[in-house]
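So you can see what is in the structure, the chains are spelled out below.
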Amino acid sequence: MSATKQAGRKPVVLIHDAAIDEYISTMLLTRMPEIDLLGVIIINADCIAQPALDAASKLHQFLGKPDLPLALSRARGWNAFPWSYRGDCVNFGKIPSLAPYQSKISQPPPSGEDLLAGILKRAVSNGNPVTLLMTGPFTPLTDVLTAQPGLAKGIATVVWMGGAINVQGNLDPTTVNPAVANTHAEWNAFWDPFAVQQGFQLCPSLQIFPLDITDSAKLSPGFLSSLQQQGNTSRFSKLAYEGYSLVMQEPFYDMWDVTATYWLHDKSPYTAPVSKPLKITTWGFEQGWIQVDSRPPAGTDPRLFLSFSNPDAFYAGVLKLLA
């Protein structure tokens, strides 16, 4: 029996694409006493790969976890994020709290797929499956499972921030060509809809946090004010406030990834999930549109978290972890 299993902590791998909120998610995972963060894999999606890795390496040192495995996925997407979105990781790496640190990531960086496959192989071997928290596209996971299907046995559940079910998507025709900017797709699904389709088929347990719930997780003035105040006594709150300050003037910016992350620690602020078979449009103008499948194949239906039962408790819980 592994030490992690003996201690009763939940082994987690974070796969993200290095937006500001995902760095905050990394911090939160290390503040959750019940979580054993085994590794972090970055996808070159809503970021620029080298600055994203450099910022992550600095953050891991700040958190006192310089040896936390960090790797870059070799995944390639179908629809690239706009360059205007992708620079947040550059700015995050320059915030004052990270100034004392220098990146220690090797060049070229380790392979994210190799890291994930190795973790899943150990999970299968020791009978302690891991939770995958994915706050970016599905592609790194589906690439690994397509090459080695047996590694799915090493997965306890997949928690994915992605999609839009009963609300509009977030493709902006001012930053995306109107020829493809449909009103239904969410970016993590739109980046590689084919991988999402594979994920629906390959993942035996899937928890989805779509825009339906994350649209309610705004960077509210009250939350930011409390975070700033906590920053006077908490270095974690100070760093989080510095990060969110980079995007607080963007009216569309939500706590997308923290919404999915916090669920691993406390499920009480969320309404009960609904289980629905899903399908995604992989071709044509509506590419990336996720819908309920009226004629689904046999298999486990994903669980959809569509709203908060107590949004105030969500904000308060995040603040408590960062304090």
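Peer 1: Tell me about the pattern of salt bridges, and name the residues and values.
Peer 2: The full count for this structure, using the stated rule, is 1 salt bridge. Its salt-bridge partner being Asp 254, residue Lys 218 comes within 3.1 Å of it at the nearest N-O pair. In this pair, Lys 218 is assigned in the loop between helix 10 (211–214) and helix 11 (221–230) and Asp 254 in the loop between helix 12 (235–245) and helix 13 (256–263), connecting sequence segments 36 residues apart. The class of Asp 254 is buried, set by a relative accessible area of 3%.

Peer 1: A description of the environment of Pro 311 should follow, citing residues and the corresponding values.
Peer 2: Along the chain, Pro 311 falls in helix 14 (residues 311–322). The class for Pro 311 is partly exposed, based on a relative accessible area of 35%. Residues Pro 311 and Ala 272 lie 39 residues apart in sequence; the distance between their C-alpha atoms is 14 Å.

Peer 1: Which residues make up the packing of aromatic side chains, and what are the values?
Peer 2: If you walk through the whole model with that rule in mind, you get 22 aromatic pairs. By way of ring pairs, the aromatic residues Phe 209, Phe 223, Tyr 244, Tyr 262, Trp 263, Tyr 270, Phe 305, Phe 308, Phe 314 and Tyr 315 are connected into one cluster. The lysine or arginine in question, Arg 235, covers the ring of Phe 62, its NZ or CZ lying 3.9 Å from the ring centre. Taking the ring centre of Phe 236 as reference, the NZ or CZ of Arg 235 above it sits at 5.5 Å.

Peer 1: Please give an account of the confidence of the model for the chain that cites residues and values.
Peer 2: Detailed reading of predicted coordinates is not advised where the pLDDT is low. Residues with a pLDDT of 70 or more make up 97% of the chain, whose mean pLDDT is 95. pLDDT under 50 marks residues 1–6. Its contacts with residues more than four places away, or in other chains, come to 9 contacts.

Definitions and limits used
Residues numbered from 1 in each chain as written. Predicted model: local features only at pLDDT ≥ 70, side-chain atom pairs only at ≥ 80, totals over all residues. Heavy atoms only, no water. Salt bridge = Lys/Arg side-chain N within 4 Å of Asp/Glu carboxyl O. Helix = DSSP H or I, 4+ residues; strand = E, 2+ residues; numbered from the N terminus. Buried < 20%, exposed > 50% of the residue type's maximum accessible area, 1.4 Å probe, protein only. Phe/Tyr/Trp six-rings, centres within 6.5 Å; stacked < 30°, edge-to-face > 60°. Lys NZ or Arg CZ within 6 Å of the ring centre and 35° of its normal. pLDDT = per-residue confidence, 0-100. Contact = heavy atoms within 4.5 Å.

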